[in-house]
Amino acid sequence: RKEVEQDPGPFNVPEGATVAFNCTYSNSASQSFFWYRQDCRKEPKLLMSVYSSGNEDGRFTAQLNRASQYISLLIRDSKLSDSATYLCVVRMNSGGYQKVTFGTGTKLQVIP
Amino acid sequence: SQTIHQWPATLVQPVGSPLSLECTVEGTSNPNLYWYRQAAGRGLQLLFYSVGIGQISSEVPQNLSASRPQDRQFILSSKKLLLSDSGFYLCAWSRQDLYGYTFGSGTRLTVV
């Protein structure tokens, strides 16, 4: 089982729609969670951290479910500019040291 | 504020030629430094990471090498490139506690 798994998509949604991505992680000792956004042929950039109580940043809501070992990202009122690949990132203890693992990403295409 | 510089942006090299990609970080000291590769349509693959000058850890066997001659300089090299070395190479830095993962703008390498 992969350490971090995401549905690769693509998710094709119309403008204004609400879309949600899930990401599962295998290591229960995982400590910190993030969502990154990567535009086509660009570097990944931090979108938001994911806090235990859930957090919101404008149209974006991130949630963590430690019991089921998944995190989610909800995007409301999708814009064309939201089209990108969204990477789930997990910081965990592995073999006595800490490391950061990136998911392979979920591609979102917002359609006019 | 911290910035990370990576160059060149694109590179076309013949098979068997050498490679040198450079990455520098400004505005911080003693960062963790990373080299990733992202093949077309694939996830990020960690190649090397460094927690200090002269300290390099390799994640995957390959014909690439990395060096850290100065605190904020990280270099990715190869003596002889293979076709399979083509990809998008990303340098990143983080704090020692692994927070603040930030990527450079990447180098798109095509080996022909």
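1. Regarding the pairing of strand S7 (residues 60-65) of chain A
Residue and element names in this part refer to chain A.
Working step 1: Taken together, the 3 bridges between strand S6 (residues 55-57) and S7 define a ladder with antiparallel strand orientation. Directly across from Glu56, in S7, lies its bridge partner Thr61.
Working step 2: Note: S7 against strand S8 (residues 70-75), 6 bridges, orientation antiparallel. Bridge pairing links Thr61 to Leu74 in S8.
Working step 3: The antiparallel pairing of S7 with S8 creates a hairpin that spans 4 residues between the two strands, and Gln69 there sits at a positive phi of about 55 degrees.

2. Let's talk about the state of the cysteines
Residue and element names in this part refer to chain A.
Working step 1: Using the criterion set out here, one finds 2 disulfides over all chains in the structure.
Working step 2: The disulfide that involves Cys23 links it to Cys88, with 1.9 Å between the sulfurs. With the S-S dihedral at roughly -70 degrees, the linkage between Cys23 and Cys88 falls on the left-handed side. With Cys23 in strand S3 (residues 19-25) and Cys88 in strand S9 (residues 84-94), the pair connects residues that are 65 residues apart, well separated along the chain.
Working step 3: Since its relative accessible area comes to 0%, Cys88 is described here as buried.

3. Section: the interface of chain A and chain B
Working step 1: Counting residues at the interface gives 16 residues for chain A and 15 residues for chain B.
Working step 2: Contact with chain B buries area across many residues of chain A, yet Arg41, Glu43 and Phe102 of chain A alone supply 34% of it, more than any other trio.
Working step 3: The interface formed by chain A and chain B includes 0 salt bridges.
Working step 4: Applying the counting criterion to the chain A and chain B interface returns 2 residue pairs in polar contact (both at pLDDT 80 or more).

4. Describing the packing of aromatic side chains
Within a pair of aromatic rings, the relevant descriptors are the distance that separates the centres and the angle that separates the planes.
Working step 1: One pass over the full model with this rule turns up 14 aromatic pairs over all chains.
Working step 2: For the ring pair Phe102 of chain A and Tyr36 of chain B, a centre distance of 5.6 Å and an interplane angle of 80 degrees mean the geometry is edge-to-face. With Phe102 of chain A in strand S10 (residues 97-102) and Tyr36 of chain B in strand S4 (residues 32-38), the pair connects residues from two separate chains. The same class applies to Phe102 of chain A and to Tyr36 of chain B, which are both buried.
Working step 3: The cationic tip of Arg108 of chain B hangs over the ring face of Phe88 of chain B; the distance from NZ or CZ to the ring centre is 4.1 Å.

5. Looking at the confidence of the model for chain A
Working step 1: Summing up the model confidence of chain A, the mean pLDDT is 92 and the portion of residues at 70 or higher is 96%.
Working step 2: Confidence, expressed as mean pLDDT per element, reaches its minimum in chain A at S10 of chain A with 81 and its maximum at strand S2 (residues 11-14) of chain A with 97.

What counts as what
- Residues numbered from 1 in each chain as written.
- Chains lettered and ligands numbered in written order.
- Predicted model: local features only at pLDDT ≥ 70, side-chain atom pairs only at ≥ 80, totals over all residues.
- Heavy atoms only, no water.
- Pairing = 2+ DSSP bridges.
- Helix = DSSP H or I, 4+ residues; strand = E, 2+ residues; numbered from the N terminus.
- Disulfide = S-S within 2.5 Å.
- Buried < 20%, exposed > 50% of the residue type's maximum accessible area, 1.4 Å probe, protein only.
- Contact = heavy atoms within 4.5 Å.
- Buried area = accessible area lost by both parts, 1.4 Å probe.
- Salt bridge = Lys/Arg side-chain N within 4 Å of Asp/Glu carboxyl O.
- Polar contact = N/O pair within 3.5 Å; in protein donor to acceptor, adjacent residues only side chain to side chain.
- Phe/Tyr/Trp six-rings, centres within 6.5 Å; stacked < 30°, edge-to-face > 60°.
- Lys NZ or Arg CZ within 6 Å of the ring centre and 35° of its normal.
- pLDDT = per-residue confidence, 0-100.

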